Amino acid sequence: MDGGAGVVMGADDRIERIRTVYEQVVFGGDALGLDDAERGLDAVEADAAVGRGRLLHARFLNERTAGLAPVEDPAALPLFERAATLYQRLGDVRGEGEALFWIGCLYQVVRRDNGAAVPILERSRRLAAQAGDEATEADALRHLGIAAHAAGRLDEARERLEESSRLWRRTGTLPGVAANMIGLAYLDAARDRRADAMATLDEAYAIATTHGARAVARQIEQVRTEI
């Protein structure tokens, strides 16, 4: 990610830029490119930190789904925090919003600490909206909806999940819509509207199976037996 204007450089381009700047300094005595090259490396490091942290989170979720007792990897939170710091230093609002989402997600999903998660998720949502990053905004809204449901604020939970789904439909993330519909079904069940809940789950299952979201489909099958 790159918060600046102009052509967005990939990791390979930035690494090659280091070589060029080094030669300019050593052979040509021109140090003008040093700061820009260092910023490029910061961006590469931030992107890699988010990517590695996401993989650790995916391992956690996979173990939980398999019925194991997953343990938090101690490297995950520092990776996301480092990324957020670097993105903020770079002025990359989009990147910072994404990194903050993962920090909030870790607190909520891994540590089960909504009190710590919600303020971070709220900031993530604001930064994502500011940057026009609808995918991260949808993610943050989903998890804010989950937190509101846990706190018994059912109307707020529905509003958050529905807004998340609206954004995910716009970005084409239909498995995310199906996942949100599970939460909406729980909300219907909490209001003794079981028929509505089952209809929502039917629609969610159709979306999940159509789009290859097998894990979501399995969750829907489980939820049907619970409500």
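Look above for the structure.
What comes next is a walk through the structure. Computed from a predicted structure; not experimentally measured.

Rules behind the numbers
- Residues numbered from 1 in each chain as written.
- Predicted model: local features only at pLDDT ≥ 70, side-chain atom pairs only at ≥ 80, totals over all residues.
- Heavy atoms only, no water.
- Helix = DSSP H or I, 4+ residues; strand = E, 2+ residues; numbered from the N terminus.
- Contact = heavy atoms within 4.5 Å.
- Areas by Shrake-Rupley, 256 points an atom, 1.4 Å probe, with all protein chains shown as cover.
- Lys, Arg positive; Asp, Glu negative; His and termini not counted.
- Charge placed at Lys NZ, Arg CZ, Asp CG, Glu CD.
- Buried < 20%, exposed > 50% of the residue type's maximum accessible area, 1.4 Å probe, protein only.
- Phe/Tyr/Trp six-rings, centres within 6.5 Å; stacked < 30°, edge-to-face > 60°.
- Lys NZ or Arg CZ within 6 Å of the ring centre and 35° of its normal.
- Salt bridge = Lys/Arg side-chain N within 4 Å of Asp/Glu carboxyl O.
- Expected span 1.5 Å × (residues − 1).

Here we take up the overall build of the protein. Across its full length, the protein carries ten helices and zero strands. Order of helices (α) and strands (β) in the protein, N terminus to C terminus: α-α-α-α-α-α-α-α-α-α. For the protein, the spread of C-alpha atoms along the principal axes amounts to about 75 × 35 × 35 Å. Residue pairs at least 24 apart in sequence account for 56% of intrachain contacts in the protein once pairs closer than 6 positions are excluded. Total accessible area on the protein stands at roughly 12200 Å², and carbon and sulfur atoms take up 51% of it. When the 29 positive and 37 negative side-chain charges of the protein are each reduced to one mean point, those points stand 4 Å apart.

Before going further, it helps to examine the environment of Glu 203. Counting through the fold element by element, Glu 203 comes out in helix H9 (residues 194-210). Residue classification places Glu 203 among the partly exposed residues on the basis of a relative accessible area of 42%. Ignoring sequence-local partners within four residues, the contact set of Glu 203 consists of Arg 169 and Met 181.

As a further point, take the environment of Val 25. Position of Val 25 among the secondary structure elements: in helix H1 (residues 11-28). On the accessibility criterion, Val 25 (29% relative accessible area) is partly exposed. Between the C-alpha atoms of Val 25 and Arg 142, which are 117 residues apart in sequence, the distance is 49 Å.

Going through the model one piece at a time under the given rule, you end up with two aromatic pairs. Both rings, one in Phe 80 and one in Trp 102, keep their centres 6.0 Å apart while their planes meet at 15 degrees; by these two values the pair is stacked. Of the two residues, Phe 80 is situated in helix H3 (residues 76-90) and Trp 102 in helix H4 (residues 93-110); the sequence distance between them amounts to 22 residues. Measuring from ring centre to ring centre gives 4.9 Å for Phe 101 and Trp 102, while their planes differ by 70 degrees; the resulting arrangement is edge-to-face. Through a chain of ring-to-ring contacts, the aromatic side chains of Phe 80, Phe 101 and Trp 102 assemble into a single cluster. It is Arg 224 that lies over the ring of Tyr 205; its NZ or CZ is 5.0 Å from the centre.

Further remarks concern the pattern of salt bridges. Side chains that carry opposite charge are capable of pairing whenever their charged atoms lie near each other. For the coordinates displayed, the defined rule picks out 19 salt bridges. Salt-bridge contacts for Glu 162 lead to Arg 158; the nearest nitrogen and oxygen are separated by 3.6 Å. Of this pair, Glu 162 and Arg 158 both sit in helix H7 (residues 154-171), four residues apart, roughly one helical turn. On the basis of relative accessibility, which here comes to 42%, the residue Glu 162 falls in the partly exposed class. Across the pair Asp 202 and Arg 224 runs a salt bridge whose closest N-O atoms are separated by 2.9 Å. Remark: Arg 224 occurs in helix H10 (residues 214-224) and Asp 202 occurs in helix H9; sequence separation between them is 22 residues. Assessed through its relative accessible area of 43%, Asp 202 is described here as partly exposed. Salt bridges here are not isolated pairs; linked through shared partners, they connect Glu 122, Arg 125, Arg 153, Glu 156 and Arg 160.

For helix H8 (residues 174-190), spanning 17 residues, the distance from its first C-alpha to its last is 25 Å, which sits close to the expected 24 Å at 1.5 Å a residue. Most of H8 sits out of view: 13 of its 17 residues are buried. Backbone geometry just downstream of H8 places Asp 192 in the positive-phi region, at approximately 60 degrees.

Looking at the element boundaries, Arg 160 is found in helix H7. The class for Arg 160 is buried, based on a relative accessible area of 16%. Ignoring any residue separated from it by four or fewer positions in sequence, one finds Arg 160 in contact with Glu 122, Arg 125, Leu 141, Leu 144 and Gly 145.

These figures come from the coordinates and say nothing about function on their own.
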